[in-house]
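For reference, the chains in residue letters:
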Amino acid sequence: MRSLAPLLIILACGLFLLWFEVINVLPSISISNVNKHIPSLPKLTHPPPLRNPRINSTIYLSQPFRRNKFNYKLNCNEIDSATLFDKLYAYQTTSIPNYSKFPSCDTAKFAITIFPGIGLAAALTYGPVKSFMAAIQSDRILLILNGNPNVTRTDLGGLSSAWFMSSSGKVTEFFLPLSNCEVTAEEIDKAVFVGKGEYSAETGLGLKYAEDRIVVLEPGGQHSSKDDEAVIDVSKLIGRSGAANRNTYITVIKLYVLRMNEETKKRVEGAVGKSLPSDFDSSVTIGLPIRASDKCFSEASCLSFPQYMQIAQNVFEKEKEKGRGGELTNIILTSESKAIIDSRVEFESRFKFFVNEDDAMQGSGRPKEYVDSKLKDAGISLSDIMVSSLAALNLQLHSKVTIANCCSNFHKLLGQIWKFAGCGKEDYEDENWRCLDKVEDPELRICCFHGGKKDKTGCGGDHVVGSDHLNPLG
């Protein structure tokens with residue numbers, strides 16, 4: 001034992017010195033300088049993998065991906081929205097060991113498409129959704145590549161022409177790239193073109209294009225299902241046998257495309273935080289997103305603001321009769337129409353309104369009108385319009401009941417996020433989502449005009465188009 005004493009003393013001294021070194025080094029490793037203590041990584045030939053967004057870095061949403069009866073069914077082998085989103089990231093992002101589906105960009109195959117030149121929500125619905133699903137079924141990474149001036153092919157004009165919802169002409173001005181992989185303009189020019197009738201969301205591209213590393217897909221139409229119970233095979237995405245609610249899958253794809261970059265997210269978070277106080281109570285709140293302006297020219301009949309207030313009053317009274325807690329007194333009001341937003345002043349003695357004071361209120365939902373000189377003269381930029389749209393989308397997820405224009409793709413997107421991704425402040429209930437074309441009172445019911453049909457039988461509305469930036473009165 002005596003022979004071991006010197007060794008024990010030496011060991012004790014060594015441990016003391018190690019402890020002393022640790023307590024002196026650890027304080028210097030803060031969040032701001034932690035990277036200094038990480039060895040440099042070798043330079044990659046492709047952009048590094050995106051930061052894993054997983055749950056909380058989709059678009060800025062409060063309590064994203066909550067399970068509800070629509071996006072998750074207990075004891076059924078359906079994949080929930082949170083898992084689908086994570087698997088989409090793993091599918092699209094190469095080179096992450098034990099996570100990515102594809103080991104490298106060099107060996108992956110690609111499908112390329114564009115955002116069509118229509119409003120954001122409509123572009124999502126009629127643009128990349130089918131392409132995304134078909135790409136996955138064909139073991140391809142999807143890229144959305146608008147606005148590459150070096151592309152010379154003309155069969156899909158958006159590849160070379162600017163996306164006119166951004167000043168740079170590129171989707172990445174606002175949103176994160178879909179993948180860490182890139183393709184060159186030369187590769188895009190050489191890629192085979194696949195028409196929208198040649199591929200399917202369920203079966204992909206088939207064997208005809210199996211040997212082509214890169215294909216260009218024509219955007220292919222709407223693919224949501226009216227059946228909330230409909231399921232779709234997602235085995236290709238998750239890497240094992242599995243199925244998901246079809247509408248949940250489609251909604252998650254849209255949310256993945258809408259992952260905001262840091263600058264956009266900062267601006268949207270700032271707008272939402274400025275509009276809603278820290279003690280905001282969603283349980284006594286109605287969401288009132290109002291589409292006016294161009295919507296009233298061709299796509300739907302529209303209501304006047306007093307008529308909207310009558311509907312809100314009816315909802316308040318019915319909720320109070322049901323004994324669901326305190327009386328609904330708040331309204332989150334969003335609109336592209338300045339006239340609509342300004343109309344709230346006459347009703348502030350009855351309702352408490354929450355609005356985005358910095359909203360662009362551009363007076364149209366048609367992107368081709370966003371470059372109008374009247375908007376430029378008013379200091380309204382494409383960036384302002386996009387941030388306002390995304391802020392409105394997020395603000396409207398903080399209500400208990402929503403009164404929606406279900407003729408609008410933007411409002412349909414809001415409903416999908418709430419219902420099928422579970423992202424609403426309250427658990428989704430059908431009676432908390434109220435479509436204006438289903439209102440009982442015919443004087444307060446709107447009509448949707450599909451395919452140019454403008455039959456106003458059985459619907460009301462006395463909206464006066466005008467007093468917007470683009471359509472001033474008289």
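Worth saying up front: this structure is predicted, and the values here are computed from it rather than measured.

Scoring rules and cut-offs
Residues numbered from 1 in each chain as written. Predicted model: local features only at pLDDT ≥ 70, side-chain atom pairs only at ≥ 80, totals over all residues. Heavy atoms only, no water. Helix = DSSP H or I, 4+ residues; strand = E, 2+ residues; numbered from the N terminus. Buried < 20%, exposed > 50% of the residue type's maximum accessible area, 1.4 Å probe, protein only. Contact = heavy atoms within 4.5 Å. Polar contact = N/O pair within 3.5 Å; in protein donor to acceptor, adjacent residues only side chain to side chain. Pairing = 2+ DSSP bridges. Axes fitted to C-alpha atoms, helices over the stretch in contact; angles between N-to-C directions. Salt bridge = Lys/Arg side-chain N within 4 Å of Asp/Glu carboxyl O. Parallel < 35°, antiparallel > 145°, perpendicular 65-115°, else oblique. Left-handed = near helix turned anticlockwise from the far one by under 90°. Nonpolar A, V, L, I, M, F, W, Y, C, P; charged D, E, K, R; others polar.

Caption draft 1: Spatial organisation of the environment of leucine 414. As for its placement among the helices and strands, leucine 414 is situated in helix H14 (residues 409-420). Overall, the relative accessible area of 1% leaves leucine 414 in the buried class. Sequence separation of leucine 414 and glutamine 396 is 18 residues, and the distance between their C-alpha atoms is 7.7 Å. Sequence-distant contacts of leucine 414, defined by excluding residues within four places in its chain, comprise Pro289, Leu393, Gln396, Leu397, Thr402 and Trp433.

Caption draft 2: View of the environment of asparagine 245. Within the secondary structure, asparagine 245 sits in strand S6 (residues 243-245). In this structure the C-alpha to C-alpha distance between asparagine 245 and tyrosine 72, which are 173 residues apart in sequence, comes to 8.0 Å. The contacts of asparagine 245, once residues within four sequence positions are left out, are Phe70, Lys73, Glu78, Asp228, Ala230, Val231 and Phe420. At 2.6 Å, the side chain of asparagine 245 and the backbone oxygen of aspartate 228 are in polar contact.

Caption draft 3: Region of interest: the sheet that holds strand S11 (residues 433-435). Spatially, S9-S8-S7-S10-S11 is the arrangement adopted by the five strands of the open sheet, whose pairing is parallel. Every interior strand has two partners, whereas the edge strands, strand S9 (352-354) and S11, have only one. Recorded for the sheet is a direction-independent mean angle of 25 degrees between the axes of neighbouring strands. The pairing of strand S7 (residues 285-290) with strand S10 (residues 401-404) spans two bridges and is parallel. Following the sheet pairing, glycine 287 is matched in S10 by threonine 402. Along the sheet face, H14 touches S7, S10 and S11 and points at about 155 degrees away from the line of S11.

Caption draft 4: Fine view of the pattern of salt bridges. All chains considered together, the criterion is met by 18 salt bridges. In this structure, arginine 344 engages glutamate 357 in a salt bridge whose closest nitrogen and oxygen atoms are separated by 3.7 Å. Highlighted residues: arginine 344 in the loop between helix H11 (338-342) and S9 and glutamate 357 in the loop between S9 and helix H12 (373-377), separated in sequence by 13 residues. A residue is classified by how much of its surface remains accessible, and arginine 344, at 12% relative accessible area, is buried.

Caption draft 5: Highlighting the packing of helix H13 (residues 382-395) against H14. Where H13 contacts H14, the two axes come as close as 10 Å, and the packing angle between them is 45 degrees. In this view, H13 runs oblique relative to H14, as classed from their interaxial angle. Two packed elements cross with a definite hand, and for H13 against H14 that hand is right-handed. Where H13 abuts H14, its residues Ser389, Ala392 and Leu393 lie against Phe410, Leu413, Leu414 and Ile417. Residues that form the contact of H13 with H14 fall into these classes: six nonpolar, one polar and no charged.

Caption draft 6: Representation of the sheet that holds strand S2 (residues 141-144) in the model. Ordered by their spatial adjacency, four strands build an open sheet running S2-S1-S4-S3, and the pairing between neighbours is parallel. The open sheet is flanked by S2 and strand S3 (192-194), the only strands paired with a single partner. Taken pair by pair, the neighbouring strands of this sheet meet at an average axis angle of 30 degrees, ignoring direction. Across four bridges, strand S1 (residues 110-113) lies against S2 in parallel orientation. Across the sheet, isoleucine 112 pairs through a bridge with leucine 143, a residue of S2. Seen against the sheet, helix H4 (residues 128-137) touches S1, S2 and strand S4 (214-217) and runs at an angle of roughly 155 degrees to S2.

Honestly, it's all geometry; don't read function into it.
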